[in-house]
Amino acid sequence: MANEEPLQFDRVMDPQLAKNEFPTFKDDNRSLMRKHLTKALWDKLKDHKTKTAGWTLAQAINTGVVNSDSLVGCHAGDSESYTDFKELFDPVIEEYHGGYGPERKHVTDLDPAKLKGDIEKKSNIKSTRIRCARNLFGFPLNPGSTKEQRLQIEELMKKVCAGLTGDLAGTYYSIASMTEEQHKQLVADHFLFRPGDRFQAASAYHNYWPAGRGIFHNKEKTFLLWFNEGDHIRIISMQQGGDVKAVFDRLCRGVKAIEAGILKNTGNKQAFLCDDHLGMLTCCPSNLGTGLRGGVHIILPTLFKTKGLKELDTLVRSLGCQVRGTHGEHTEIVDTCDISNFHRIGRAEYELVQNMIDTVNLLNKMEDEEAAKLKESWSIRRVALTLAAPLSLVLIAAIARKINKLW
């Protein structure tokens, strides 16, 4: 459309950061980066460059300076970013993840057999989607990657995809070379990602677009992979309805198959960037640990009517999840919303999925209870109106008689 903002591709640095000068923050900047970055810390770290990507503090904080409404405000360019600039990243991580301090250890556990129960009432669940992020060992994170490195990742993952079997087998589509027909179909399936996110653009996610970007999906379109969209790999399992166990099982099998394929094709000692403290390393500190978001699209018309979004989100966040629009954060909610885990780190993958299941079961119970209360309330009103109708007619008749006497 003519009034759409132009898509953002390559990163544009803040003018002061481009000169390696301490930036002037806007008054409305409330990012965690801004909160924890002092002038003294800037002076201490501003001239340092990481070994793998040559990542600097200026590059790391550019997104939070350019976008004053950024929540986190900083991104990593390689694994060393989290150690070399730990005096900034550690407090940001600790605050964002609810007290996850530098002394804690993260545990990864993709075992679907450990789930206890499933969503009990599936009739108001439209769909289930669980995804996780992974980055390849031996490469910088995408904000610090070159065009050649992105292409190398794509070539490697094409080989890995070719080795997937059974219900995980499918087709790879390169964004740089797909046909118009393929493009239209991926758009129709809501699978296609594209640049344009100003936060990611300022973090260098979109550099060299569309080189190295691609999408894979299986024949049933229930298993999807994104390559070099943000992190190196986004692994997605999804299907209609509320069978969370089946979706999580497919995701777990997919992650293990991809890991095995990477090890086979590279001969590396490990497949993914990770460490004991931060778990799976990702570009954004908000996604560290599991890199997992698991959720359902659920219809809750009565709860939204009686409690409203604010009260409902406060409740859900107290349970470790969040309420979002069906197209992500800050999108409109009428009666259908996305309920997904908010935490990423410090708890295993199966625990986060279990927590989401338990939260949805509670919301379903609340929805039924609120609907029953409303139904009972309307029944009482109908009875009251029925009883009041004859009384109203008597009153009208009495008033009419008085008027007639006056005349």
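Computed from a prediction, not measured in an experiment: that's the story for all the values here.

Thresholds, definitions, all that
Residues numbered from 1 in each chain as written. Predicted model: local features only at pLDDT ≥ 70, side-chain atom pairs only at ≥ 80, totals over all residues. Heavy atoms only, no water. Buried < 20%, exposed > 50% of the residue type's maximum accessible area, 1.4 Å probe, protein only. Helix = DSSP H or I, 4+ residues; strand = E, 2+ residues; numbered from the N terminus. Pairing = 2+ DSSP bridges. Phe/Tyr/Trp six-rings, centres within 6.5 Å; stacked < 30°, edge-to-face > 60°. Lys NZ or Arg CZ within 6 Å of the ring centre and 35° of its normal. Polar contact = N/O pair within 3.5 Å; in protein donor to acceptor, adjacent residues only side chain to side chain. Core = buried A, V, L, I, M, F, W, Y, C linked by side-chain atoms within 4.5 Å. Contact = heavy atoms within 4.5 Å.

Caption draft 1: The pairing of strand β5 (residues 233-240), seen in detail. Within β5, 6 of the 8 residues are buried, leaving the element largely enclosed by the surrounding structure. Examined bridge by bridge, strand β1 (residues 125-134) and β5 share 8 bridges and lie antiparallel to one another. Paired with Arg131 across the strands is Ile236, a residue of β5. Pairing of strand β4 (residues 223-227) with β5, which is carried by 5 bridges, proceeds in the antiparallel orientation. When the bridges of β5 are listed, Phe227 appears paired with Ile233.

Caption draft 2: Spotlight on the packing of aromatic side chains. According to the stated counting rule, one finds 8 aromatic pairs in the structure shown. Ring plane angle 50 degrees and centroid distance 5.1 Å describe the contact between Phe193 and Trp226, whose orientation is recorded as tilted. Of this pair, Phe193 sits in the loop between α8 (180-188) and α9 (198-202) while Trp226 sits in strand β4, and the two are 33 residues apart along the sequence. Among the aromatic residues, ring-to-ring pairing joins Phe22, Phe25 and Trp42 into one connected group. Sitting over the ring of Phe272, Arg134 keeps its end group 5.7 Å from the ring centre. Cation over ring: Arg317 sits above Phe342, and NZ or CZ is 4.8 Å from the ring centre.

Caption draft 3: Examining the side chain of Arg344 more closely. Among the structural elements, Arg344 can be located in the loop between β10 (336-341) and α13 (349-406). Arg344 sits in the buried class, given a relative accessible area of 4%. At 3.2 Å, the side chain of Arg344 and the side chain of Asn287 are in polar contact.

Caption draft 4: Examining the nonpolar core more closely. If you look at the biggest cluster of nonpolar residues, it comprises 54 residues, and the most contacted ones within it are Met157, Leu225, Ile233, Ile235, Phe248, Ile258 and Ile262. Leave out the neighbours within four places in its chain, and Ile262 touches Leu136, Met157, Val160, Ile233, Gly267, Ala271 and Phe272. Membership of the second largest hydrophobic core comes to 34 residues, among which are Leu45, Tyr82, Ile93 and Leu278.

Caption draft 5: Geometry of unusual backbone geometry. In this structure, the amide linkage connecting Trp209 to the following residue, Pro210, adopts the cis form with an omega of 0 degrees. Looking at the secondary structure, you find Pro210 in the loop between α9 and β3 (214-218). Positive phi, normally seen in glycine, also occurs at Ala204, with a value near 80 degrees. Note that Ala204 resides in the loop between α9 and β3. Its relative accessible area of 0% is what places Ala204 among the buried residues. Within the chain, Asn228 stands out as a residue other than glycine whose phi angle is a positive 60 degrees. Along the chain, the position of Asn228 falls in the loop between β4 and β5. Asn228 gets classed as buried once you look at its relative accessible area, which sits at 0%.

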